[in-house]
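One letter stands for each residue in the lines below.
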Amino acid sequence: EKLLALYQKDADLIPLYRRVIEDTSREPERLRRNSKRLFKKYARSLKGEEADELEFLASQLVSLKAAFLSQHIVEVCVEIAAKLKKKTPQVVQDSIGDRENERNDEGEQATSVDDINCGDLFREFVASSIAFNTFRTEMANLALPKPSRTTKKVVVDKKDVMEYVQTKTAVIAGRILHILKESLVATGYLEPPLKPRMVRLRWECRCGERFTADAREYEAGGASELTASAEALIGSRVTATLHSTNSSNQKLILPQPRLWLQRVFARLATTFKRPPSPSTLPQHNPNTTVTHAPQEPPLQPPKLLHLLACMRSAQLGKSLHQASIAAIDTDRNLFRLLRDQFRSHRGRFCTLLSLKKVHGISFVKFNLFAGGSVEVRHHSPCCESACECIPPRARVEPSHRAEYRCSPAGPLRGGPPVLPDILAHFFARPACIPEHNVSILNRLPKRICGELQGSAAEPAEGWGIYYQEGWDGDIIAMVVFVMFLVVSLLFGVLWACLEMDVQGAFGVSAYIMTAS
Ligand SMILES: [Zn+2]
Ligand SMILES: [Zn+2]
């Protein structure tokens, strides 16, 4: 009993017991088991510190009475916890004090039944040992409201984990969507995002093909000017969409198999068609040089008009080709001339075999160097504050320093002057141009003072067109399709011959074709 009183009166242990009482979630049986375990451990530690027989007996006593001590502590806790429901906290504290006093009294009365005579030495050993300090610490760990604290921590952790998982999932989903979008844009099945200060124009050609092109509006009203000029060129309605921060203005471009086949056959027909005889073509005289005269005699022949076209070149990077277009009177004839000019420079079959095609034809400003190489000043990114892809008014008729003929003259409020996609489509299919249309011919900068010559001192500045070339998706798709067709047919024939199973063989062939 004295031993029990020692643990019940300890100043450090009393607050811990109170905590246990206040913690209603603690199960008494579990508390008893844990405190018994602590007393046993405490007794083992005491053994390590014993120095004489009395101390040995003390450690033995604690070990033997571990169950008894833990049982009494739990009883005290349970009894007072029951009162807690009925009494105020102050009363509960008093109860602990009363109980301690009672136990103390009982301890005094039970002195005669002590297993050993506990003197000051005994108490000092049991209460001042290192093991007792360890016991206090472990009892504190036991008494602290660990379960509730752990539960709270777990809840917080779970919340954090959920947020982390949600964030990660959103990031991964965003990346997958981004990659998917990029792939669709790269393969031409999705429009690219519309950049700031740009206007997206969409239209459908008379052949049924749908187009999307972006233009830049430098001044207010530039977009409507562009739309009006595009409508005049195409002969159908053009819709303009302005840039918005809320939307990327991207639309899916659905495949059009019928138009794909038409494009492929048109391309093959152009390749295998014999070029027209020189007598039927508008004449191009590379040696012609006409200098501009301020006061032209009225009886002189009309000025030779030259179209300056920049093209990719294996030797020079980009080279300039100058052709006389004096005899050209309509846009259709202009594009027929351009097609013949391009084919004659590239070669009929080389163009097809290279799997490349003209993706766009741009109006450009360029610099011609003495060696014949050309530096093209592309509309994007060179035209920053205004579009300079057509010559300025000072160098266009009727200026006395005119070198070019075109209408309108630069700089423009919106650009480019004509969308490259429109020109590329007309280049591929001149039949889509309204028959007597001369809009493009009028806008095209035509040099009126002979061919442009580069000088050694400084490059010559010029205006003309540039052929943008890229992979021909239509022909590549056709090549892949034909390859799969041949392979599947070959497989079917071989399988039928070797296995004598015609139905199975062509079933597999059909599967290969469907997969392709
Ligand atoms: Zn068309
Ligand atoms: Zn421009």
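Since the model is a prediction, treat every value here as computed from it, not as a measurement.

J.: How would you summarise the coordination of the zinc ion (ligand 2) if you had to cite specific residues and measurements?
T.: The protein atoms that coordinate the zinc ion (ligand 2) are His 379 (ND1), Cys 383 (SG), Cys 387 (SG) and Cys 389 (SG), at distances spanning 2.1 to 2.4 Å. Read from N- to C-terminus, the donor residues coordinating the zinc ion (ligand 2) fall into the pattern H-x3-C-x3-C-x1-C. The same class applies to Cys 383 and to Cys 387, which are both buried.

J.: Would you mind going over the coordination of the zinc ion (ligand 1) in detail, with residue names and values included?
T.: Each pair of donors in an ideal octahedron of six around a metal sits at 90 or 180 degrees, and each pair in an ideal tetrahedron of four sits at 109.5 degrees. Within the protein, Cys 205 (SG), Cys 207 (SG), His 425 (NE2) and Cys 432 (SG) serve as the donor atoms for the zinc ion (ligand 1), at 1.9 to 2.3 Å. For the zinc ion (ligand 1), the single-chain donor residues occur in sequence as C-x1-C-x217-H-x6-C. Separated by 220 residues along the polypeptide, Cys 205 in the loop between β1 (198-204) and β2 (210-217) and His 425 in helix α15 (residues 420-428) bring together distant segments of the chain. Residue classification places His 425 among the buried residues on the basis of a relative accessible area of 7%.

J.: A description of the UniProt feature "transmembrane region" (unreviewed entry) in the protein should follow, citing residues and the corresponding values.
T.: As annotated by UniProt and renumbered to match this structure, "transmembrane region" (unreviewed entry) occupies residues 475-498. Regarding residues 475-498, the helix share stands at 100% and the strand share at 0%, and the terminal C-alpha atoms are separated by 34 Å.

J.: Give a description of the packing of aromatic side chains that names residues and reports values.
T.: Evaluation of the coordinates by the stated rule reveals 8 aromatic pairs. Relative to Phe 211, the ring of Trp 203 lies with its centre 5.5 Å away and its plane at 15°, an arrangement referred to as stacked. A relative accessible area of 5% places Trp 203 in the buried class. Aromatic pair Phe 272 and Phe 349: ring centres 5.3 Å apart, planes at 65°, arrangement edge-to-face. On the criterion of sequence distance, the pair formed by Phe 272 in helix α11 (residues 257-272) and Phe 349 in helix α13 (residues 348-353) is long-range, its members being 77 residues apart. Just above the ring of Trp 471 sits the side chain of Lys 356; from NZ or CZ to the centre is 4.8 Å.

J.: Describe the nonpolar core, with residues and values.
T.: Counting residues in each nonpolar core, the largest one holds 49 residues, and the members touching the most others are Trp 203, Leu 334, Phe 335, Ile 465 and Tyr 467. With near-sequence residues (within four places) excluded, Leu 334 lies in contact with Leu 307, Ile 328, Ile 440, Leu 441 and Leu 444.

J.: Tell me about the side chain of Gln 322, and please be specific about residues and values.
T.: Along the chain, Gln 322 turns up in strand β5 (residues 317-324). A distance of 2.7 Å separates a polar atom in the side chain of Gln 322 from the backbone nitrogen of Leu 452.

J.: Explain the sheet that holds β1 to me, and be specific about the residues and the numbers.
T.: Pairing within the open sheet is antiparallel, and its 4 strands lie in the order β3-β1-β2-β9. In this open sheet, the two strands that pair with only one neighbour each are β3 (238-242) and β9 (414-415). In terms of strand pairing, β1 meets β3 through 5 bridges, oriented antiparallel. When the bridges of β3 are listed, Val 199 appears paired with Leu 242. On top of the sheet, helix α10 (residues 222-234) reaches β1, β2, β3 and β9; it is set at about 155° to β3, its chief contact.

J.: Hey, could you go over α10 for me, with residue numbers and the actual values?
T.: A rise of 1.5 Å per residue sets the reference length of α10, with its 13 residues, at 18 Å; its end C-alpha atoms lie 18 Å apart and thus fit the reference within 8%. Inspection of α10 places Gly 222, Ala 223, Leu 226, Thr 227, Ser 229, Ala 230, Leu 233 and Ile 234 among the buried residues, and these make up the whole buried set. Those residues of α10 that are buried are in contact with β1, β2, β3, β9, α15 and α16 (439-443). Positive phi shows up at Gly 235, right after α10, with a value of about 85°.

What counts and how
- Residues numbered from 1 in each chain as written.
- Chains lettered and ligands numbered in written order.
- Predicted model: local features only at pLDDT ≥ 70, side-chain atom pairs only at ≥ 80, totals over all residues.
- Heavy atoms only, no water.
- Donors = N, O, S within 2.8 Å, 3.2 Å for Na, K, Ca; no water.
- Buried < 20%, exposed > 50% of the residue type's maximum accessible area, 1.4 Å probe, protein only.
- Helix = DSSP H or I, 4+ residues; strand = E, 2+ residues; numbered from the N terminus.
- UniProt positions renumbered as here; feature names shortened; annotations may be inferred.
- Phe/Tyr/Trp six-rings, centres within 6.5 Å; stacked < 30°, edge-to-face > 60°.
- Lys NZ or Arg CZ within 6 Å of the ring centre and 35° of its normal.
- Core = buried A, V, L, I, M, F, W, Y, C linked by side-chain atoms within 4.5 Å.
- Contact = heavy atoms within 4.5 Å.
- Polar contact = N/O pair within 3.5 Å; in protein donor to acceptor, adjacent residues only side chain to side chain.
- Pairing = 2+ DSSP bridges.
- Axes fitted to C-alpha atoms, helices over the stretch in contact; angles between N-to-C directions.
- Expected span 1.5 Å × (residues − 1).

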